[in-house]
Amino acid sequence: MSTESGNIARMRAFVEQVHEGGRVELIDDFVHPDFRNRSAKNGLPDDRRSVAAVTRALHTAFAGLKVEIVHCVDTDDVVATHKIYRGRHVGEWLGTPPSGQDVEFRVMDFVRMRDGRFVEHWSVLGPPQ
């Protein structure tokens, strides 16, 4: 029998409520004021405003967005996830014009936690397929 850590539970709740659910008003509950996005794309802020920007962009680009957590593990204060994002590509995503097709893309990320909130983030994003 395994028990899920508090950090993993927080990550799962964030993915479900914020990324999949689009509830940007919850970001301050999950993301520490000192947050730094070490993988922020050119032109995006690297603070917690980037979390809202990415969440809004996801929901603009993909109708019916669903996020599957394939793996979620933690060690000390870092949570690593492997996720699959799925939806109909209806808006621009990272410079790619909408295709109108159902697509999926994979994300692997690491989030360092402090006081139950995200304080640092690194990610690798695969192209929509």
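None of these values were measured; they are calculated from a predicted model.

Colleague: Mind showing me how you'd approach the environment of G126 here?
Modeller: With respect to the helices, strands and loops of the structure, G126 is situated in the segment after β5 (117-125). Along the chain, G126 and F110 lie 16 residues apart, while their C-alpha atoms are 15 Å from each other.

Colleague: Sorry if this is basic, but what is going on with the pairing of β5 here?
Modeller: Remember that side chains alternate between the two faces of the sheet whenever the strand is regular. With 3 bridges joining them, strand β1 (residues 31-37) and β5 adopt parallel strand pairing. Within β5, the residue paired with N37 across the bridge is H121. Two strands pair when backbone bridges link them, and strand β4 (residues 102-114) and β5 are joined in this way by 8 bridges, in the antiparallel orientation. Note that in β5 the partner of F110 across the bridge is W122. Connecting β4 to the antiparallel partner β5 that follows it, the hairpin turn spans 2 residues, and D115 within it adopts a positive phi of roughly 55 degrees.

Colleague: Please explain the packing of aromatic side chains as it appears in this structure.
Modeller: Each pair of aromatic rings is reported with the distance of its centres and the angle of its planes. Following the criterion strictly, the structure yields 6 aromatic pairs and no others. Between F14 and F118, the ring centres sit 4.9 Å apart and the planes meet at 65 degrees, which makes this aromatic pair edge-to-face. You can see F14 sitting in helix α1 (residues 6-20) and its partner F118 sitting in strand β5, a full 104 residues away along the chain. As far as the burial class goes, F14 and F118 line up, both buried. Their ring planes at 40 degrees and their centres at 5.3 Å tell us that F62 and F105 sit as a pair that is tilted. Remark: F105 occurs in strand β4 and F62 occurs in strand β2 (residues 62-75); sequence separation between them is 43 residues. Pair check on accessibility: F62 and F105 agree, each one buried. The structure contains a cluster of three or more aromatic residues connected by ring pairs, namely F62, Y85, W93 and F105.

Colleague: How do you make sense of α1 when you look at a structure like this?
Modeller: Each α-helix winds once per 3.6 residues, and so residues spaced three or four apart point in a common direction. Over its 15 residues, α1 extends 20 Å from the first C-alpha to the last, a length consistent with the 21 Å expected when each residue adds 1.5 Å. At F14, α1 shows its strongest bend, of approximately 30 degrees. Buried residues of α1: N7, I8, M11, F14, V15, V18 and H19, and no others. Looking at the buried residues of α1, the elements they touch are α2 (27-30), α3 (49-61), β2, β3 (78-89), β4 and β5. Where α1 terminates, the next one or two residues include G22, which has phi positive at roughly 75 degrees.

Colleague: Whenever I open this one, unusual backbone geometry confuses me. Can you help?
Modeller: Most peptide bonds take the trans form, and the phi angle of most residues other than glycine is negative. Of note, the phi angle at L94 is positive, near 50 degrees, even though the residue is not glycine. Structurally, the position occupied by L94 is in the loop between β3 and β4. The phi dihedral of D115 falls on the positive side, at around 55 degrees, and the residue is not glycine. Following the sequence through the fold, D115 ends up in the loop between β4 and β5. Given the relative accessible area of 66%, D115 is considered exposed.

Conventions used here
Residues numbered from 1 in each chain as written. Predicted model: local features only at pLDDT ≥ 70, side-chain atom pairs only at ≥ 80, totals over all residues. Heavy atoms only, no water. Helix = DSSP H or I, 4+ residues; strand = E, 2+ residues; numbered from the N terminus. Pairing = 2+ DSSP bridges. Phe/Tyr/Trp six-rings, centres within 6.5 Å; stacked < 30°, edge-to-face > 60°. Buried < 20%, exposed > 50% of the residue type's maximum accessible area, 1.4 Å probe, protein only. Expected span 1.5 Å × (residues − 1). Bend = angle between axes of the 7 residues up to and from the residue. Contact = heavy atoms within 4.5 Å.

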